[in-house]
Amino acid sequence: PGTAQLKLAVQRSGRLTSDTIDLLHSIGLEFESYGQRLFSHCRNFPLSILYGRDDDIPDYMALGTVDLGIVGQNLIYEAGVEVEELVPLGFGYCSLVVAVLRDSDYQSPTELTNSRVATSYPASAARYFESVGLSPEVITISGSVEVAPSLGMADAVVELTATGSTLLLNDLRPIHTILESQAVLAASPAAMADPARRANIERLV
């Protein structure tokens, strides 16, 4: 059973990458992580590491393409997939917030019912508004969402903030936190259901 090879997906390049690689090395895994490689194989544990786009990792786990992933909880929430969160990792902290222009009259998300909300997390935004019985128009933007209110494109944004500085720079203030997030080690349900792979996942944890 000790030979059940695991596949772990990590972010190839982005805000979680260096903390993730440092963490894997610090628990004693030996692998090369240089350059533009797609895969690394561990020399001292039955694990191969796949470097991918962070927003693909939840789907890889849900489909069973990989057994494990290190990814932000916000992306698991956005993907809406069933995966098992095993360990919070203590880095990659951020919050998904509803924010409005600093001098606007909005005090609570309930006032946004006939408004337009810009976001790069449309599923999360829709799910949140639905959960509180609202249906604003959600506009999906892939980058620089924070400028949408000052350009008159939207009344509010649903966006990730780590320090709040980008919100401040764009004259936005948060009025609600939808989700507090950090990086987690998560597993595909299929891997957890397989005794050999699960034994190695537990060793890794």
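Above this text you will find the structure in question.
These figures come from a predicted structure and were not determined experimentally.

## Regarding the pattern of salt bridges
By the definition in use, this model includes 7 salt bridges. When the shortest N-O distance is used, the salt bridge between E32 and R43 registers 2.8 Å. Taken as a pair, E32 in the loop between α1 (17–26) and β2 (39–41) and R43 in the loop between β2 and β3 (47–52) lie far apart in primary sequence, 11 residues in all. Here R53 ties to D56 by a salt bridge, and the two come within 3.7 Å at their closest N and O atoms. In the salt-bridge network here, residues are joined through shared partners; they are R53, D55 and D56.

## Observations concerning helix α7 (residues 195–204)
What α7 keeps buried is the set R197, N200, I201 and L204. Around the axis of α7, the buried residues are gathered within 105° of arc, so they sit on the same side. Of the residues in α7, the exposed ones pointing more than 90 degrees away from the buried face are P195 and R203. On its buried face, α7 is in contact with β1 (6–11), β4 (68–72), β5 (84–88) and α6 (189–192).

## Concerning a nonpolar patch on the surface
Taken together, the side chains of V147, L151 and M153 define a hydrophobic patch exposed on the protein surface, amounting to about 250 Å² of accessible area. In this structure, L151 sits in the loop between β8 (137–140) and β9 (156–161). Classification of L151 as exposed rests on a relative accessible area of 59%.

## Some remarks on the layout of surface pockets
Computed from the structure, the largest pocket encloses a volume of approximately 630 Å³. Considering the residues around the largest pocket, the lining is formed by 30 residues, among which D54, D55, L75, Y121 and L160 are closest to the centre. Elements that contribute at least two residues to the lining of the largest pocket include exactly α3 (73–79) and β9. Here the element with the most residues in the lining of the largest pocket is α3; it accounts for 4 residues. Grouping the amino acids of the lining of the largest pocket by side-chain chemistry returns 11 nonpolar, 11 polar and 8 charged.

## Brief notes about unusual backbone geometry
Across residues other than glycine, the phi torsion is negative in most instances, and most of the peptide bonds are trans. Although it is not a glycine, S144 adopts a positive phi angle of roughly 50°. Along the chain, S144 falls in the loop between β8 and β9. Owing to a relative accessible area of 53%, S144 belongs among the exposed residues under this scheme.

## Observations concerning the sheet that holds β8
Taken in spatial order, the 5 strands make up an open sheet running β8-β7-β9-β6-β10, and their pairing is mixed. On the outer flanks of this sheet lie β8 and β10 (172–181), each paired with one strand and no other. On average, adjacent strands in this sheet sit at an angle of 25° to one another, irrespective of strand direction. Pairing geometry for strand β6 (residues 94–101) and β9, over 6 bridges, is antiparallel. If you follow V98 over to β9, its bridge partner there is V158.

## Re the side chain of S115
Within the secondary structure layout, S115 lies in the loop between β6 and β7 (116–119). A distance of 2.5 Å separates a polar side-chain atom of S115 from the backbone oxygen of L112. Setting aside chain neighbours within four positions, we find S115 in contact with Y106, P136, E137 and D155.

What counts, and at which threshold
- Per chain, residues are indexed from 1 in the order of the written sequence.
- Given that the model is predicted, a residue must reach a pLDDT of at least 70 before its local features are reported, and side-chain atom pairs must reach 80 or more before they are shown or counted; all residues, however, enter totals for whole chains, interfaces and linings.
- Computation of side-chain values covers all heavy atoms of the structure but excludes hydrogens and water.
- When a carboxyl oxygen of Asp or Glu lies within 4 Å of a side-chain nitrogen of Lys or Arg, that pair is called a salt bridge.
- Segments assigned H or I by DSSP are reported as helices when at least four residues long, segments assigned E as strands when at least two residues long, and all are numbered from the N terminus.
- Only protein chains enter the accessibility calculation, which uses a 1.4 Å probe. A residue is then buried if its area is under 20% of the maximum for its type, exposed if over 50%, and partly exposed in between.
- In this description, one arc is meant: the one made by directions from the helix axis to the C-beta atoms.
- Contacts between residues were defined by any pair of non-hydrogen atoms, one from each residue, lying within 4.5 Å.
- Like charges within 9 Å and nonpolar side chains (Val, Leu, Ile, Met, Phe, Trp, Tyr) within 5 Å are joined into patches, using only residues over 30% in relative accessible area that form no salt bridge.
- Here the Shrake-Rupley method, with its probe set to 1.4 Å, supplies the accessible areas, and only the displayed protein chains count as covering residues.
- Here a cavity is any set of points on a 1 Å grid over the protein atoms alone where a 1.4 Å probe fits but cannot get out, and a pocket is any open set with protein on both sides within 12 Å along at least 5 of 7 lines; a residue lines the site when it has an atom within 4 Å of a point.
- Grid points are joined across faces, edges and corners, and a volume is the space filled by probe spheres set on the points.
- For this classification, Asp, Glu, Lys and Arg are treated as charged, while Ala, Val, Leu, Ile, Met, Phe, Trp, Tyr, Cys and Pro are nonpolar and the rest, including Gly, are polar.
- Strands pair, by our definition, only if DSSP identifies at least two bridges between them.
- Between N-to-C directions, angles span 0 to 180 degrees; the directions come from axes that are lines fitted to C-alpha atoms, helices contributing only their stretch in contact.
- Pairing of N or O atoms within 3.5 Å defines a polar contact, subject to two protein rules: one partner must be a possible hydrogen donor and the other a possible acceptor, and residues neighboring in sequence count only if both atoms are side-chain atoms.

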